[in-house]
Amino acid sequence: MIDIQLIGLLNATLQAATLLFIAALGELITEKSGILNLGVEGMISVGAVTGFMTAINTENIFFAVLVGVLSSSVFASIHALVTVVLKQDQTVSGLILTILGLALSSLLGKNYVGRKLVTKLESVTSITEPSNIIEVLISQNIIFYVAIVLMIGTSFLLKRTMFGRRLEAVGEDSKSSDSMGLKVAKTQFIATCVGGAFAGLSGVYLTLSYVPYWTDNMTSGRGWIALALVIFGGWKPYRTALGAILFGFLEALVPRLQTYGFELSPYIVKITPYVITILVLVILTIYKGGKTGAPKNIGVPFFRENR
Amino acid sequence: MRRSWAVGLLIISILAMACGGAADVDDYKAAFVYVGPADDGGWSQAHDVGRQFLADETGIETAYTELIPEDATEFRTVAEAYIEQGYNIIFGTTFGYIDAMAEMAEEYPDVIFLHCSGYLSNDSNFGNYFGKMYQPRYASGMAAGSLTETNKIGYVAAFPIPEVIRGINAFATGVKEVNPDATVEVVWTFTWFGPEEETQAANALIETGVDVLAQHQDSPSTGVVAEANGAKWISYNTVYGKEAAPGAFVGAPVWDWGPYYVDVVNSIINDEFAGGAYWGGMETGLVSWYEEQGTVDGVVSGDIRSKVLAMIAGEFDPPIIEEEFIDNVIGTVNP
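Participant: Got a minute to help me understand the overall build of chain A in this structure?
Facilitator: The helix and strand inventory of chain A stands at twelve helices and zero strands. Relative to the compact-globule value of 19 Å for 307 residues, chain A shows a C-alpha radius of gyration of 20 Å, a close match. When contacts within chain A are restricted to residue pairs at least 6 apart in sequence, those whose partners lie at least 24 apart make up 79%.

Participant: Help me understand the confidence of the model for chain B, please; the structure alone is not making it clear to me.
Facilitator: If pLDDT is low for a region, its predicted coordinates should not be looked at in detail. Residues and elements named next belong to chain B. A residue-level look at chain B finds 93% of positions with pLDDT of 70 or above and a mean pLDDT of 91. Ignoring residues within four places in sequence, the model shows residues 15-21, a span with pLDDT below 50, making zero contacts including any to other chains. In the predicted assembly, ipTM is 0.84 and pTM is 0.85.

Participant: Help me out: how do you make sense of the interface of chain B and chain A in this one?
Facilitator: Many descriptions give the size of an interface as the accessible area lost when the pieces come together. With 32 residues of chain B at the interface, the matching set in chain A holds 29 residues. Ranked by the residues each element gives to the side of chain B that touches chain A, the list is headed by helix H7 (residues 195-207) of chain B, at nine residues. A class-by-class count of the residues in the side of chain B that touches chain A yields 14 nonpolar, twelve polar and six charged.

Participant: Sorry if this is basic, but what is going on with the sheet that holds strand S9 (residues 232-234) of chain B here?
Facilitator: Working definition: the strands of a sheet are paired by backbone hydrogen bonds and lie parallel or antiparallel to each other. All names here are of chain B. Spatially, S12-S10-S9-S8-S6-S7-S13 is the arrangement adopted by the seven strands of the open sheet, whose pairing is mixed. Each edge of the sheet is formed by a strand with only one pairing partner; in this case those strands are strand S12 (287-291) and strand S13 (329-330). Bridging between strand S8 (residues 212-216) and S9 involves three bridges; their strand directions are parallel. Its bridge partner being in S9, leucine 213 is matched across the sheet by tryptophan 233.

Participant: Looking at this structure, how should I read the nonpolar core?
Facilitator: Within soluble globular proteins, side chains that are nonpolar generally end up buried alongside one another. In this structure, A:Leu20, A:Ile22, A:Ala24, A:Leu229, B:Ile168, B:Val184 and B:Leu213 are the most contacted members of the largest nonpolar core, which totals 181 residues. Split by domain, this core shows at least three residues from each of two domains, domain 1 (24-131) and domain 2 (134-254 + 286-330) of chain B. Among residues more than four places away in sequence, those in contact with A:Leu229 are A:Leu20, A:Ala24, A:Thr240, A:Gly243, A:Ala244 and A:Phe247.

Participant: Help me out: how do you make sense of helix H6 (residues 142-160) of chain A in this one?
Facilitator: One turn of the α-helix equals 3.6 residues, which is why residues spaced by three or four share an orientation. Residue and element names in this part refer to chain A. For H6, which comprises 19 residues, the first-to-last C-alpha distance of 26 Å matches the rise-based estimate of 27 Å (1.5 Å per residue) to within 8%. Among all positions of H6, only Ile143, Phe144, Ala147, Leu150 and Thr154 are buried. Down the axis of H6, the buried set is contained in an arc of 105°. They therefore lie on one face. Exposed side of H6, more than 90 degrees from the buried face: Val149, Phe156, Lys159 and Arg160 are the residues found there.

Participant: In this structure, what is going on with the domain arrangement of chain B? I would like to understand it.
Facilitator: All names here are of chain B. Looking at chain B, the domain boundaries give domain 1 (24-131) and domain 2 (134-254 + 286-330). Placing a centre on the C-alpha atoms of domain 1 and another on those of domain 2 gives a separation of 29 Å. Residue-level contacts link eight residues of domain 1 with ten residues of domain 2. The element best represented in the side of domain 1 that touches domain 2 is helix H2 (residues 43-58), accounting for three residues. For the side of domain 1 that touches domain 2, the class distribution of residues is two nonpolar, five polar and one charged.

Participant: Please explain the pairing of strand S3 (residues 89-92) of chain B as it appears in this structure.
Facilitator: Here is the key point about a regular strand: its side chains alternate between the two faces of the sheet. Residues and elements named next belong to chain B. Both faces of S3 are covered, namely the face carrying Ile89 and Phe91 and the face carrying Ile90 and Gly92. Of the strand pairs in this sheet, strand S1 (residues 29-33) and S3 are connected by four bridges, and their pairing is parallel. The residue bridging phenylalanine 32 from the neighbouring strand is phenylalanine 91, located in S3. For S3 and strand S4 (residues 112-116), the ladder comprises four bridges, and the chain directions are parallel. Each bridged residue has a counterpart across the sheet, and for isoleucine 90 the counterpart in S4 is phenylalanine 113. Taken together, S3, helix H4 (residues 98-107) and S4 constitute a β-α-β crossover, and its handedness is right-handed.

Participant: How should I be thinking about the packing of helix H3 (residues 61-85) of chain A against helix H9 (residues 184-210) of chain A in this particular structure?
Facilitator: Packed helices, taken two at a time, are described by their axes: the angle between them and the distance between them. Residue and element names in this part refer to chain A. Two numbers describe how H3 lies on H9: the axes approach to 6 Å, and their chain directions differ by 145°. The crossing of H3 and H9 is right-handed. When its residues are assigned to classes, the contact of H3 with H9 shows 17 nonpolar, twelve polar and no charged.

Participant: Got a minute to help me understand H2(B) in this structure?
Facilitator: All names here are of chain B. Along its 16 residues, H2 runs 23 Å from first to last C-alpha, staying within 8% of the 22 Å computed at 1.5 Å per residue. For H2, the complete set of buried residues consists of Trp43, Ser44, Gln45, Ala46, His47, Asp48, Gly50, Arg51 and Leu54. Against the buried residues of H2 lie S1, strand S2 (61-65), strand S10 (249-255) and helix H9 (258-269). The first or second residue beyond H2 is glycine 59, which carries a positive phi of 80°.

How each quantity is defined
Residues numbered from 1 in each chain as written. Chains lettered and ligands numbered in written order. Predicted model: local features only at pLDDT ≥ 70, side-chain atom pairs only at ≥ 80, totals over all residues. Helix = DSSP H or I, 4+ residues; strand = E, 2+ residues; numbered from the N terminus. Rg over C-alpha atoms; globule rule 2.2 N^0.38 Å. Contact = placed C-beta atoms within 7 Å. pLDDT = per-residue confidence, 0-100. Nonpolar A, V, L, I, M, F, W, Y, C, P; charged D, E, K, R; others polar. Pairing = 2+ DSSP bridges. Core = buried A, V, L, I, M, F, W, Y, C linked by C-beta atoms within 7 Å. Buried ≥ 20, exposed ≤ 12 C-beta atoms within 10 Å, placed from the backbone. Domains from an automatic or database assignment. Expected span 1.5 Å × (residues − 1). Arc of directions from axis to C-beta. Right-handed = clockwise from strand over helix to strand, strands pointing away. Axes fitted to C-alpha atoms, helices over the stretch in contact; angles between N-to-C directions. Left-handed = near helix turned anticlockwise from the far one by under 90°.

What follows is the structure, encoded as structure tokens:
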């Protein structure tokens, strides 16, 4: 019996981690360009509801994923428009995006509350009851493997490609980048929309697989944990993935500790992700002289005229 | 000339008011404040169905505002707006409005405040109301006890507070009545509404080998997990959640606020209302056990019905235990 529970814990950890990781990875790309987007919670909701609605109406799962990803990306472009083109405050715009996204998803999903999904995102292999770690790893949902590909791809993109270099340059020092002839606004706009698309993928994973139905406030705070995860991961894809697994593990642990009969309060486990994030920030500040890995220009609007 | 007309009108209207005596329904307007969306398929929707019943039965003008957080200022803003518009009966349908309602009841002695699930009241314009949900939970426990083959039942529960604990104990007492060998395992989620937390908790229970899941939560997550794992599901609040997991759905302890809302509004109109606390059991129809036909064995179903009738007649009441779990429950009331 304990084997089944350990397998279950591993499974649940990977599911919770996938949701957090994809959204965090998207935010990482956005922040690398110097744009802080606090609207992750809203963007996940928009992707989650549009994906779910499409799946109910068309019963075409891949089309549903596509719609979820694209609509969330379009939704993120509002933030890009406000902060990159109109140069307004990124914090305010991001918060508005969260509030707007949650409200919009409630409105859109009004007639879809509690409806049963016929087609879901399925596991890639036919193993329904994995009995060892290998089987757990190969029986995950397709989005899990997409997340791994995105992780490797993003790391490669940031380190090895021209686009990645430009992205980093813009995020570190937009004025110099502009002098060097880089298109600051265009790069930031694209990075914000890509971040939205990733959040959308996270959203469709939520409603088409992990918790397969729609109800108001589905995301219940996952977007904020994803934001903490970016900081925890020091703006590095692999470390963010590690953090996602840790945070996902803690999330999976809360109910399971109780069934295992441990005497550890679930309240303590619940606050751990936030405590760890703060600790990481404190440790980095003390030992690395404040080098948390944050792009230097984050949150600072770029005015060409002020150069 | 004009002035005497005005005086005459004034006298007539004063006379009309004095002679009017017994008020009628047009003198009252009732406003409802919900914590969730009015169509959440759960707690708030149950209240909204009650509001519509009230409007249909009495003809009183009603209004509602949804998604108002459990926050004193938020509630006050909404309630004051209603009072300005002439609403004089305010229903607050979640525990967290308690302090705001108590304060406003003093400030607005002409407005009636009715608070669901609270413990404060006065003897004039402030009352609280709730239902004995542990009674139908006992009935649902009987159904669960008869359905389990592994003799393991899981219970996804929100917070370790008296209301939830007495519900679990009543449920487990019902389980014991039909199946003394079965256990009820409890997992706390620490949220009334958290689709992901509820999913994780339900999965954790499935992993321990339970084949029937019950819940004290407001989302249908537990049902979706039950359906995916071939388990049975006892829902809560309303029957609307069953669409999400039709294959697993057995039944639900449900709220029906409508009759109470009609009674209390009639008592206000007839000037009989005097605040205080109201705790209605199955005999009032406020709480009941809904059972999907054909999901429970016929004999057991009959036994459940006789217990329900005994509860309605006041001949039987499940024990109210809120300090600890009874012996067939696995878990802790002090996590």
